[in-house]
Amino acid sequence: MTLPNFVNFSIPDSIRFEGKKLNMAICGLGRYADILANGLEAAQYCQVAGIVTGTATKAEKWKKRFNIRQKNIYNYQNFDEIKNNKDIDLVYVVLPNSMHKDFVIRAAKAGKHVIVEKPMATSVEDCREMINACKKAGIQLAVGYRLHTEPFHLEIKRLGQEKVFGQVRLIESSLGYVSGDPTEWRLRKEMSGGGPLMDIGLYCIQSCRYVSGEEPVSVTAQFGPVTNKKLFSDVEESITWQFEFPSGLVSNSSSSYNCKIDRFFASADEGSFELNPALGYGPYKGKTSQGDLNFPTINQQATQCDEIAKVLLANKQLPVHISGEEGIQDMRILHAIYEAAETGKKVTIPQIHHPL
Ligand code: NAD
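Every value quoted in this text rests on a predicted model; they were computed, and no experiment measured them.

**Brief notes about the overall build of the protein chain**
Piece 1. A count of helices and strands for the protein chain gives nine helices and 15 strands.
Piece 2. Taking 21 Å as the expected radius of gyration for a compact globule of 356 residues, we find that the protein chain reaches 20 Å, a close match to that expectation.
Piece 3. Dimensions along the principal axes, computed over C-alpha positions, put the protein chain at roughly 55 × 50 × 35 Å.
Piece 4. For the protein chain, the proportion of its 356 residues judged to be buried stands at 59%.
Piece 5. Contacts in the protein chain between residues at least 24 apart in sequence constitute 72% of all its contacts with a sequence separation of at least 6.
Piece 6. Taken as a whole, the protein chain presents about 15,400 Å² of accessible surface, with 48% of it coming from carbon and sulfur.

**Remarks on the packing of aromatic side chains**
Each pair of aromatic rings is reported with the distance of its centres and the angle of its planes.
Piece 1. Tallied over the full model, the rule gives 13 aromatic pairs.
Piece 2. On the basis of an interplanar angle of 45 degrees and a centroid distance of 5.5 Å, the ring pair of phenylalanine 79 and phenylalanine 103 is categorised as tilted. Within this pair, whereas phenylalanine 79 is found in the loop between strand 3 (73-74) and strand 4 (90-93), its partner phenylalanine 103 is found in helix 3 (residues 100-109), the two being separated by 24 residues in sequence. Both residues of the pair, phenylalanine 79 and phenylalanine 103, belong to the buried class.
Piece 3. Among the aromatic residues, ring-to-ring pairing joins Tyr76, Phe79 and Phe103 into one connected group.
Piece 4. Above the ring of phenylalanine 103, the side-chain terminus of arginine 106 is found at 4.8 Å from the ring centroid.

**Overview of the sheet that holds strand 5 (residues 113-116)**
Piece 1. Spatial ordering of the open sheet is given by 3-2-1-4-5-6, a layout of six strands whose pairing is parallel. Of all strands in the sheet, those bounded by a partner on one side alone are strand 3 and strand 6 (141-143).
Piece 2. Relative to strand 5, strand 4 is paired through four bridges, and the arrangement is parallel. Across the sheet, the residue bridging to valine 93 is valine 116, located in strand 5.

**Examining the packing of helix 7 (residues 196-212) against helix 9 (residues 324-343)**
Piece 1. Interaxial distance between helix 7 and helix 9 falls to 10 Å at its minimum, and their mutual angle equals 110 degrees. When the axes of helix 7 and helix 9 are compared, the pair comes out roughly perpendicular. Two secondary-structure elements touch here, helix 7 through Leu197, Met198, Leu202, Ile205, Gln206 and Arg209 and helix 9 through Glu326, Gln329, Asp330, Met331, Ile333, Leu334, His335, Ile337 and Tyr338.
Piece 2. Looking at side-chain class alone, the contact of helix 7 with helix 9 contains nine nonpolar, three polar and three charged residues.

**Remarks on unusual backbone geometry**
Piece 1. A cis amide bond, omega 5 degrees, links glycine 224 with the succeeding residue proline 225.
Piece 2. Assignment of secondary structure puts proline 225 in the loop between strand 8 (218-223) and strand 9 (238-244).
Piece 3. A cis amide bond links asparagine 276 with the next residue in sequence, proline 277, at an omega value of 5 degrees.
Piece 4. Mapped onto the fold, proline 277 is located in the loop between strand 12 (271-275) and strand 13 (286-288).
Piece 5. For glutamate 18, which is not glycine, the phi torsion reads 45 degrees and is therefore positive.
Piece 6. Topologically, glutamate 18 is positioned in the segment before strand 1 (22-27).
Piece 7. Given the relative accessible area of 74%, glutamate 18 is considered exposed.

**A look at the sheet that holds strand 11 (residues 261-268)**
Piece 1. One open sheet accounts for nine strands, arranged 14-13-12-11-7-10-9-8-15; its pairing is mixed. A single partner strand is all that each edge strand has here, and the edge strands are strand 14 (291-293) and strand 15 (347-348).
Piece 2. Here strand 13 runs beside strand 14; their pairing, made up of three bridges, is antiparallel. Residue pairing across strands places threonine 288 opposite glycine 291, the latter belonging to strand 14.
Piece 3. Contacting strand 7 (168-176), strand 11, strand 12, strand 13 and strand 14, helix 5 (residues 151-161) runs over the sheet at an angle of about 160 degrees to strand 12.
Piece 4. Helix-sheet contacts for helix 9 involve strand 8, strand 9 and strand 15, and the interaxial angle to strand 8 is about 55 degrees.

Procedures and definitions
Residues numbered from 1 in each chain as written. Predicted model: local features only at pLDDT ≥ 70, side-chain atom pairs only at ≥ 80, totals over all residues. Heavy atoms only, no water. Helix = DSSP H or I, 4+ residues; strand = E, 2+ residues; numbered from the N terminus. Rg over C-alpha atoms; globule rule 2.2 N^0.38 Å. Buried < 20%, exposed > 50% of the residue type's maximum accessible area, 1.4 Å probe, protein only. Contact = heavy atoms within 4.5 Å. Areas by Shrake-Rupley, 256 points an atom, 1.4 Å probe, with all protein chains shown as cover. Phe/Tyr/Trp six-rings, centres within 6.5 Å; stacked < 30°, edge-to-face > 60°. Lys NZ or Arg CZ within 6 Å of the ring centre and 35° of its normal. Pairing = 2+ DSSP bridges. Axes fitted to C-alpha atoms, helices over the stretch in contact; angles between N-to-C directions. Parallel < 35°, antiparallel > 145°, perpendicular 65-115°, else oblique. Nonpolar A, V, L, I, M, F, W, Y, C, P; charged D, E, K, R; others polar.

The following block contains the structure:
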């Protein structure tokens, strides 16, 4: 399908791929890897050629499904041997957040391009190490931001950045779901880096940034509502925060593991635009003050992986707004939000200068 032309990493039609596909190894075969698998089955420019897993039954299932050669199946211990495997161009890291750094650096040292799931890591320092390792190895690093190639999101980005309804003044963007499994790694800070903010609050931050085209300059934040102290003893259950942007735009967002919410609303000088549902897996619904937004529901993972694959197959540079530099900026912002909630004070956010 053709994406709205606001997609700024599309490769010109004049480049012909002639059936060539980027070969990916999926590292970590959990729930999101299953969703990616459906996307990769539908993808045109990439395919699953390898896997990295610690579970024999999963290896067997994926091997059959994607016709993977036995020599392209790795475990977490022998993963570094992927260096000598010409069948694999890229490793897609879909492990718990605290494991991202190690596997991205190992993949980079093996000379493979990397996509790492969001959040890029759990600390700014780890993100920096990952970026440096990828630079040193001369490979490209992308963060798995699936909404940068999604038509409704490309449209709200265009509406905001091109000021179609004038200057955006106010944004509300929130995402929450109910999570009740006490054994889940997401509830252990050491593995997740934090609660719903790290996990899904990131989508709220991203949408505020790419719709405004601005970086937040400061943040205030509050933990709550708190309804289950036992389950959420290590990470927050819910959090709400407010950004101020250089133009005077103000945003308010919540992310939660105990409240269902999934919406985006922007109020501008001459109108408004919104998505509801907005940030989960969709299907999305959108409208502006002038009428409905109509775009096809796409396979987000297929489109995201195809767009990345086309850039890499064409030997071009991936755009900065899905790069490690974007991942590290989100990490700075995530930690600024936590600091604001913990101290009760307004926290200043370091500014960066790259296109959103
Ligand atoms: P999951 O728990 O379902 O899968 C994690 C995988 O890691 C499992 O296969 C597990 O066996 C493996 N693993 C290896 N060592 C482990 C260890 N020590 N502890 C726990 N698991 C271990 O998690 P998930 O929901 O698939 O999330 C994986 C990553 O994908 C996370 O970074 C998450 O933020 C990201 N994610 C992204 C999206 C998105 O929309 N882009 C959606 C969901 C998850």
